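Chains, contacts and geometry: an overview
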Amino acid sequence: MNQNQGGNDARHDDDSALTDFLASLIDYTPTIPDELVEHYLGKSGFQCPDVRLIRLVAVATQKFVAEVAGDALQQCKARQSAVVKDKRDKQQKDKRLILSMEDLSKALREYGVNVKHQEYFADNPSTGIDPASRDE
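1. Digging into helix H2 (residues 34-43)
An α-helical turn contains 3.6 residues, so any two residues separated by three or four positions project in the same direction. All buried positions along H2 are accounted for by Asp34, Val37 and Leu41. Seen end-on, H2 carries its buried residues on one side only, within an arc spanning 65°. Residues of H2 that are exposed and angled more than 90 degrees away from the buried face: Glu35, Tyr40 and Lys43. After H2 finishes, the residue Gly45 shows a positive phi value of roughly 95°.

Here it is, written out as structure tokens:
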């Protein structure tokens, strides 16, 4: 009987923590606006008048986007550190990180999202720049 009571206490603690968390979402302003979350939830057929649930989805989405962006940054750094030695001097002068679609695609692939882009998609940072102004 003590084991059953211990299970009820743990469940009560979980319920209490969930209730406290949901209550804290009322005062929280997520990065992703409620209207945007409601729009995409509505497009998928989900309607919910509870703002706490909308904000919970926004927080989960924000976490997902942040993780993908962090992974894409790591992909970008790994790609740019693999530059051949003779280009190392130019890279020291220009330390900008340029996120490419390839970096983002690799990061998303780790989460099961396959991204295909058109062949004309600009993955080169000098695409669209006047040839006279390029530093080559």
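2. Considering the packing of aromatic side chains
Counting across every chain of the model gives 1 aromatic pair. Aromatic side chains Phe64 and Tyr111 sit 5.5 Å apart centroid to centroid with 80° between the ring planes, which places their arrangement in the edge-to-face category. Highlighted residues: Phe64 in helix H3 (residues 51-81) and Tyr111 in the segment after helix H5 (101-109), separated in sequence by 47 residues. Residue Phe64 is classed as partly exposed on the basis of its relative accessible area, which comes to 34%. Overall, Tyr111 belongs to the partly exposed group, its relative accessible area being 32%.

3. Quick notes on the nonpolar core
Grouped together as the largest cluster of nonpolar side chains are 5 residues: Ile32, Val37, Leu41, Ile54 and Ala58. Among the elements of the structure, H2 and H3 are those that each provide at least two residues to this core. Among residues more than four places away in sequence, those in contact with Ile54 are Asp34, Val37, Glu38, Leu41 and Cys48.

Conventions adopted
- Starting from 1, residues in each chain are numbered consecutively following that chain's sequence as written.
- Only residues with pLDDT of at least 70 are given local features in this predicted model, and only at 80 or more are side-chain atom pairs given and counted; all residues enter the totals for whole chains, interfaces and linings.
- Side-chain descriptors were evaluated using all non-hydrogen atoms of the structure, hydrogens and water having been removed beforehand.
- Relative accessibility decides the category of a residue: with a 1.4 Å probe and only protein chains considered, values under 20% of the type maximum give buried, values over 50% give exposed, and everything between is partly exposed.
- For the purposes of this entry, the term helix denotes a DSSP run of H or I that reaches at least four residues, the term strand denotes a run of E that reaches at least two, and both are numbered from the N terminus.
- Starting at the helix axis, one direction is taken to each C-beta atom, and the arc is that of these directions.
- Any two rings among Phe, Tyr and Trp, with Trp reduced to its six-membered ring, count as a pair given centres within 6.5 Å; such a pair is stacked if its planes are under 30 degrees apart, edge-to-face if over 60, and tilted if neither.
- Nonpolar cores are built from buried Ala, Val, Leu, Ile, Met, Phe, Trp, Tyr and Cys residues. Side-chain atoms within 4.5 Å join them into one set.
- Contacts between residues were defined by any pair of non-hydrogen atoms, one from each residue, lying within 4.5 Å.

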